[in-house]
Amino acid sequence: FPPRLLFDLVTVLFRSDDNGDHWSYFTEFTDRGNLLIVADSTILVSTFQNGIYKLFWDSAHYVWNWKYAGLPNPSLPDCYAVNKDTIYVGTVGTQSGLFSTGNQGKSWKHINLPKPNAEITEVVAKDSFLLVIEDVHGAFRSQDGGRTWASITQGINQNVYSLSFIDTILFASG
């Protein structure tokens, strides 16, 4: 799929092969999606009520189709990051947290965070670094793939809403 662009508009997926200059219909989804995840050749859509689904080519019927890929409600995916072969998904809702898959959504692993069931509103992954924003508790960094965590909000005197890297420089917006 890359470097093509994909765009999710409620239940319809559009595709651009020229970086957004022109768009064409790609496929539909029966449930309303809230997050489109594209990693390498994997396309996942999270839904408001029924978890995450993976788009796959159904060679028997010559059509694109959807297959359930985990994280059922009440874990509502809110953000994601991709690092090599691993997709990280931050969730909100009554069973909030951080989840990862290294097999394109076939199985998911819950990653322990400093605060259990914290709502994750931002996740950034780069090499062995994981950065998350917990809705109420601040921003945290893991340097070992999520085994241990440290707060990274010292010197920031307001809530952090977004994190991003440029090379080795980390930016936070509040």
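Structure report, in brief. Computed from a predicted structure; not experimentally measured. (Residues numbered from 1 in each chain as written. Predicted model: local features only at pLDDT ≥ 70, side-chain atom pairs only at ≥ 80, totals over all residues. Heavy atoms only, no water.)

Take the sheet that holds strand β12 (residues 120-126) next. The strand order β12-β13-β14-β15 describes an open sheet built from four strands, whose pairing is antiparallel. Of all strands in the sheet, those with a lone pairing partner are β12 and β15 (150-151), marking the two edges. (Pairing = 2+ DSSP bridges. Helix = DSSP H or I, 4+ residues; strand = E, 2+ residues; numbered from the N terminus.)

Attention shifts here to the pattern of salt bridges. The final tally for this structure, using the stated rule, is one salt bridge. Residue Asp 17 pairs with Arg 15 through a salt bridge whose shortest N-O separation is 3.0 Å. Residue classification places Asp 17 among the exposed positions, given a relative accessible area of 55%. (Salt bridge = Lys/Arg side-chain N within 4 Å of Asp/Glu carboxyl O. Buried < 20%, exposed > 50% of the residue type's maximum accessible area, 1.4 Å probe, protein only.)

In the Ramachandran plot, Lys 84 falls in the positive-phi region, its phi being about 60 degrees despite a non-glycine side chain. With respect to the element layout, Lys 84 can be found in the loop between β8 (76-83) and β9 (86-92). Although it is not a glycine, Gln 104 adopts a positive phi angle of roughly 60 degrees. Looking at where Gln 104 falls in the secondary structure, it is placed in the loop between β10 (97-101) and β11 (109-111).

The next subject is the pairing of β10. Judged by how many residues are buried, β10 sits mostly within the fold: five of five residues are covered. Across five bridges, the pairing between β9 and β10 is antiparallel. Directly across from Thr 91, in β10, lies its bridge partner Gly 97. Counting the residues in the hairpin turn of β9 and β10 gives four residues, including Gly 93, whose phi is positive at 120 degrees. Pairing between β10 and β11: three bridges, direction antiparallel. Along β11, the bridge assignment pairs Leu 98 with Ile 111.

Quick look at a nonpolar patch on the surface now. On the surface, Ile 166, Ile 169 and Phe 171 cluster together into a nonpolar patch covering about 300 Å² of accessible area. Structurally, Ile 166 can be placed in strand β16 (residues 162-166). The exposure class assigned to Ile 166 is exposed, which follows from its relative accessible area of 52%. (Patch = residues over 30% accessible without salt bridge, like charges linked within 9 Å, V, L, I, M, F, W, Y side chains within 5 Å. Areas by Shrake-Rupley, 256 points an atom, 1.4 Å probe, with all protein chains shown as cover.)

The biggest cluster of nonpolar side chains holds 13 residues, and the ones touching the most others in it are Tyr 88, Leu 98, Val 123, Leu 130, Val 132 and Trp 149. Looking at this core, the elements that each hand over two or more residues are β8, β12 and β13 (129-134). The element best represented in this core is β12, accounting for three residues. Leave out the neighbours within four places in its chain, and Leu 130 touches Tyr 88, Leu 98, Ile 111, Val 124, Ala 125, Phe 140, Arg 141, Ser 142, Gly 145, Gly 146 and Trp 149. With 10 residues, the next largest nonpolar core counts Ala 39, Leu 44, Ala 69 and Phe 99 among its residues. (Core = buried A, V, L, I, M, F, W, Y, C linked by side-chain atoms within 4.5 Å. Contact = heavy atoms within 4.5 Å.)

Moving on, we come to the side chain of Lys 54. Tracing the backbone through its elements, the reader meets Lys 54 in strand β6 (residues 52-58). Under the relative-accessibility criterion, Lys 54 is labelled buried at 19%. For Lys 54, the side chain forms a polar contact with the side chain of Gln 104, separated by 3.2 Å. For Lys 54, the residues in contact, after removing those within four places along its chain, are Thr 42, Ile 43, Leu 44, Asn 65, Trp 66, Lys 67, Ala 69 and Gln 104. (Polar contact = N/O pair within 3.5 Å; in protein donor to acceptor, adjacent residues only side chain to side chain.)

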